[in-house]
Amino acid sequence: FPYPVKYGYINVGCVEQGPQSLIGQNVFCLYPHQDKFVVPEDAVTPIPIHIPVQRAVLSANLETAINALWDAQPSIGDRISVVGAGVVGCLVAWLAAQIPGCEVELIDVVEQRAVVAHHLGVGFSVPENAQQQRDLIIHTSASEQGLNLAIEIAAFEATIVELSWFGDKSVSLALGGAFHSQRLQIRASQVGTIGSAQGRRWDYSRRMALAMTLLDNEVLDHLITGQSTFKELSTAFEALIHNGQDTLCHRISYP
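This text gives an overview of the structure that appears in the document. Note that this is a predicted model, so its numbers are computed, not measured.

1. Quick word on the sheet that holds strand 2 (residues 26-30)
Read across the sheet, 3 strands follow the order 1-2-3 without closing on themselves; strand pairing throughout is antiparallel. Looking at which strands have only one partner, the edges of the open sheet turn out to be strand 1 (10-14) and strand 3 (44-46). Between one strand axis and the next, the sheet turns by 30° as a mean value, whatever way the strands run. Bridge count between strand 2 and strand 3: 3 bridges; the pairing is antiparallel. From the neighbouring strand, Val27 faces strand 3, where its bridge partner is Pro46.

Okay, structure coming up:
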């Protein structure tokens, strides 16, 4: 999108008007960015008092990571790789590492992400040194190279979950080699739909409530790498575009 443009959707704020039970409460809401807005009561999710509001901006990405692992269906002891160590990739790896016996490796071209991986309790590698023979690969890098790497490192009959959003970009895949001989499966995951395995028991409110519960871990603060005020946004964007390799989640605060 060109800049400036009103876009985005991850908001944390305080209810000023509305039902008495919500007034003064800190809440999460999916809505284009602005300092004040009016939404239906069911569009907001109260933030538990013990969850720092600064960390609650990760709730939408954590919800995406939860949905991705539902779609991926990892098993105890799986060798799991996550290609792409952005916020969503880091959250997927962090959740997967809590499954007993799973060996999890984050893969990214930015070597500095190794520090974040260490804090999250997962392994890290640059693409050329990635572990091979992986049972499950979750791709989040939104790059052709990342998806082809996922095919290269997959074990026999492994599953690759595509979590990236490519927009209108075409992708060329190497399907003539390991993809067929290894009987690989590429599965799509998208947060807008809860898969059928959970769909009859879970709704969006319950999924968001789970995300809020999982935010109760200060290790996730390592995913928040900066903050700017709304008035500084144009300058901050320029800096992030030209020198943003160390950036994961950059918060915008409103006066």
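Back to the write-up after that little detour.
2. With respect to the nonpolar core
Counting 49 residues, the largest nonpolar core has Val92 and Leu223 as its most contacted members. Listing elements by their share of this core, those giving two or more residues are helix 1 (59-72), strand 4 (79-83), helix 2 (87-96), strand 5 (103-107), helix 3 (113-120), strand 7 (134-139) and helix 7 (204-214). The greatest single-element share of this core, amounting to 9 residues, is contributed by helix 2. Not counting residues up to four positions away in its chain, the partners in contact with Val92 are Ala65, Ala68, Leu69, Val82, Ile138 and Leu163. Counting residues in hydrophobic clusters, the runner-up holds 14 residues, among them Ile137, Leu147, Leu149 and Ile153.

3. Quick word on the packing of aromatic side chains
Two measures describe an aromatic ring pair: the distance that separates the ring centres and the angle between the ring planes. Tallied over the full model, the rule gives 3 aromatic pairs. Note on Trp70 and Trp202: the rings are 4.8 Å apart at their centroids and 55° apart in plane angle, and the pair reads as tilted. Within this pair, whereas Trp70 is found in helix 1, its partner Trp202 is found in the loop between helix 6 (196-199) and helix 7, the two being separated by 132 residues in sequence. As far as the burial class goes, Trp70 and Trp202 line up, both buried. A centroid spacing of 5.4 Å and a plane angle of 20° characterise the contact between Phe230 and Tyr254, whose relative ring orientation is stacked. Of this pair, Phe230 sits in the loop between strand 10 (224-229) and helix 8 (233-243) while Tyr254 sits in the segment after strand 11 (249-253), and the two are 24 residues apart along the sequence. For Arg206, the ring lying beneath its charged end belongs to Trp202, and the centroid distance is 3.6 Å.

4. As for the state of the cysteines
Here the structure, examined in full by the defined rule, presents 0 disulfides. Here Cys29 stays unpaired: no disulfide links it, and the sulfur of Cys14, its closest cysteine neighbor, is 13 Å away.

5. Looking at the pairing of strand 11
Inspection of the sheet shows strand 10 paired to strand 11 by 5 bridges, in the parallel sense. Paired with Ser228 across the two strands is Ile252, which belongs to strand 11. The β-α-β motif built from strand 10, the intervening helix 8 and the parallel element strand 11 has right-handed crossover chirality.

6. Here we look at the packing of helix 1 against helix 7
Between helix 1 and helix 7, the least distance of the axes is 9 Å, while the angle of their chain directions is 110°. With respect to each other, helix 1 and helix 7 are oriented roughly perpendicular. As for the relative orientation of helix 1 and helix 7, their crossing is right-handed in sense. Taken together, the residues of helix 7 that come into contact with helix 1 (itself represented by Ser59, Leu62, Glu63, Ile66, Asn67 and Trp70) are Tyr204, Arg207, Met208, Leu210, Ala211, Met212 and Leu214.

Calculation notes
- All residue numbers refer to positions counted from 1 along the written sequence of the respective chain.
- In keeping with the model being predicted, local features are shown solely for residues with a pLDDT of at least 70 and side-chain atom pairs are shown and tallied solely at 80 or more, while totals for entire chains, interfaces and linings include all residues.
- Side-chain figures throughout are based on the complete set of non-hydrogen atoms in the structure, without hydrogens or water.
- At least two DSSP bridges between two strands are required for those strands to pair.
- Comment: elements are numbered from the N terminus, with helices defined as DSSP H or I runs of at least four residues and strands as E runs of at least two.
- Note on definitions: angles span 0 to 180 degrees between N-to-C directions of axes, and those axes are lines fitted to C-alpha atoms, for helices only across the stretch in contact.
- We define the nonpolar core as a collection of buried residues of types Ala, Val, Leu, Ile, Met, Phe, Trp, Tyr and Cys that are connected through side-chain atoms lying within 4.5 Å of one another.
- Per-residue accessibility, obtained with a 1.4 Å probe over protein chains only, is compared with the maximum for each type, and a residue is labelled buried under 20%, exposed over 50%, and partly exposed between these values.
- Two residues qualify as a contact provided that any one of their heavy atoms is within 4.5 Å of a heavy atom in the partner residue.
- Paired rings are identified among Phe, Tyr and Trp, the last through its six-membered ring, by centres lying within 6.5 Å, and are further divided according to the angle between planes into stacked (under 30 degrees), edge-to-face (over 60) and tilted (the rest).
- Charge-over-ring contacts are defined here by two conditions on Lys NZ or Arg CZ: a distance within 6 Å of the ring centre and an angle within 35 degrees of the ring normal.
- Count a disulfide wherever a pair of cysteine sulfur atoms falls within 2.5 Å.
- We call a crossover right-handed when, viewed with the strands running away from us, the connection from the first strand over the helix to the second turns clockwise.
- Oblique is the label for any angle not under 35 degrees, not over 145, and not in the 65 to 115 range, which are roughly parallel, roughly antiparallel and roughly perpendicular in turn.
- Put simply, a crossing is left-handed when the front helix is turned counterclockwise from the back one by less than a right angle, and right-handed when it is turned clockwise.

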